[in-house]
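Structure assessment
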Amino acid sequence: MLDREGMTPEDSMQRRGIALLPLGLAVLAIAEIAVFISVVHLIGGAWTLLALAVGEIAGMLLLRREGIKGWRAFRAAAAEGRPPGAQVANSLAGLAGALLLAIPGFITSVAGLLLLIGRPVARKTIERYTERRVGAAVAGDLFGPRRVKVRRGEPVVVVEHDDTPVHAPSVPAAAIEGEVVEGEVIR
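What counts as what
Residues numbered from 1 in each chain as written. Predicted model: local features only at pLDDT ≥ 70, side-chain atom pairs only at ≥ 80, totals over all residues. Heavy atoms only, no water. Helix = DSSP H or I, 4+ residues; strand = E, 2+ residues; numbered from the N terminus. Buried < 20%, exposed > 50% of the residue type's maximum accessible area, 1.4 Å probe, protein only. Contact = heavy atoms within 4.5 Å. Areas by Shrake-Rupley, 256 points an atom, 1.4 Å probe, with all protein chains shown as cover. Expected span 1.5 Å × (residues − 1). Axes fitted to C-alpha atoms, helices over the stretch in contact; angles between N-to-C directions. Parallel < 35°, antiparallel > 145°, perpendicular 65-115°, else oblique. Nonpolar A, V, L, I, M, F, W, Y, C, P; charged D, E, K, R; others polar. Salt bridge = Lys/Arg side-chain N within 4 Å of Asp/Glu carboxyl O. Polar contact = N/O pair within 3.5 Å; in protein donor to acceptor, adjacent residues only side chain to side chain. Patch = residues over 30% accessible without salt bridge, like charges linked within 9 Å, V, L, I, M, F, W, Y side chains within 5 Å.

Turning next to the overall build of the protein chain. The secondary structure content of the protein chain amounts to seven helices and four strands. Put simply, the protein chain has 187 residues, and 19% of those count as buried. Of all intrachain contacts in the protein chain linking residues separated by at least 6 positions in sequence, the fraction that spans at least 24 positions is 61%. As displayed, the protein chain offers around 13800 Å² of accessible surface, 68% of which is attributable to carbon and sulfur atoms.

Listed below in structure tokens is the structure:
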């Protein structure tokens, strides 16, 4: 459904999110300053500056390493004819974590470390988000075919109007090709 400006609700939400970005960055800056002052009072100014410097240097080194590693994984997947989406999603998670670690501040550093530690979860989140945005067909080209967990069950029972159960025919309808099984998509 489109609004007066011809935008979908998702586009409108994205526009609203971008409009709130400066406010979010200002709140983050204030929070970082408050945490910095608290850490200075807790461990001292020199140790605080040293901790920030170590975090920034580690973040910059990780940015370089993750970028090179991601590019190599992407090229290897493309050369082997595999879908490169999983390597790209993994690299994006690593790069985002390294970038947050490289930004000066304790809050962003902790967020970057959590993202680096929880990279498999972040990769799955990136894949699900991408699938929602581009559709299942394109996501299948990017990340490969879905794997499905299958459970065999009892045959389908069709109940007629007179409440006598009748087993479904053994041959599926013409619109259904192949065997129909109950299952769930696992990615």
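A few words now on helix H6 (residues 119–134). Since the α-helix packs 3.6 residues into each turn, any two residues three or four apart lie on the same face. In this model H6 runs 22 Å from its N-terminal to its C-terminal C-alpha over 16 residues, within 8% of the 22 Å that 1.5 Å per residue would give. Buried within H6 we find Arg-119, Ala-122, Glu-127, Thr-130 and Glu-131.

On to the packing of H6 against helix H7 (residues 136–143). Packing of H6 against H7 brings their axes to within 7 Å, and their N-to-C directions diverge by 140°. Considering the angle they form, H6 stands oblique to H7. Each of Glu-127, Thr-130, Glu-131 and Val-134 in H6 lies in contact with H7, whose residues at this interface are Ala-136, Val-138, Ala-139, Leu-142 and Phe-143. Residue composition of the contact of H6 with H7, grouped by class: six nonpolar, one polar and two charged.

Further remarks concern the pattern of salt bridges. The full count for this structure, using the stated rule, is four salt bridges. Between Arg-82 and Glu-80 there is a salt bridge, with its nearest N and O atoms 2.7 Å apart. A relative accessible area of 36% places Arg-82 in the partly exposed class. For Glu-127, the salt bridge goes to Arg-123, with nearest N and O atoms at 3.0 Å. Placement of both Glu-127 and Arg-123 in helix H6 is noted, with a separation of four residues, approximately one turn of the helix. Taking the relative accessible area as the measure of exposure, Glu-127 reaches 3% and is therefore buried. Via salt bridges that share partners, Arg-65, Glu-66 and Arg-119 belong to a single interconnected network.

Think of two packed helices as two axes; the pair is described by the angle between the axes and how far apart they sit. Taken N-terminus to C-terminus, the directions of helix H5 (residues 106–117) and H6 make an angle of 85°; their axes are 5 Å apart at the nearest point. Here H6 runs roughly perpendicular to H5, going by the angle between their axes. Judged by residue contacts, Leu-115, Leu-116 and Ile-117 of H5 engage Arg-119, Pro-120 and Ala-122 from H6.

Attention shifts here to the side chain of Thr-48. Tracing the backbone through its elements, the reader meets Thr-48 in helix H3 (residues 45–80). Within polar-contact distance, the side chain of Thr-48 engages the backbone oxygen of Val-39 at 3.5 Å. Engagement of the side chain of Thr-48 in a polar contact is seen with the backbone oxygen of Gly-44, the distance being 2.6 Å. Sequence-distant contacts of Thr-48, defined by excluding residues within four places in its chain, comprise Phe-36, Val-39, Val-40, Ile-43 and Phe-106.

Let's shift gears to the environment of Ile-103. One can find Ile-103 in the loop between helix H4 (85–102) and H5. Between the C-alpha atom of Ile-103 and that of Ile-57, which follows or precedes it by 46 residues, the distance is 9.7 Å. Residues in contact with Ile-103, not counting those within four places in the same chain, are Thr-108 and Ser-109.

It is worth spelling out a nonpolar patch on the surface at this point. Where nonpolar side chains cluster on the molecular surface, the patch consists of Leu-42, Ile-43, Trp-47, Leu-50 and Val-54 and spans about 560 Å² of accessible area. Contributing elements (two or more residues each) for the nonpolar patch: helix H2 (21–43) and H3. When you line up the elements, Ile-43 lands in helix H2.

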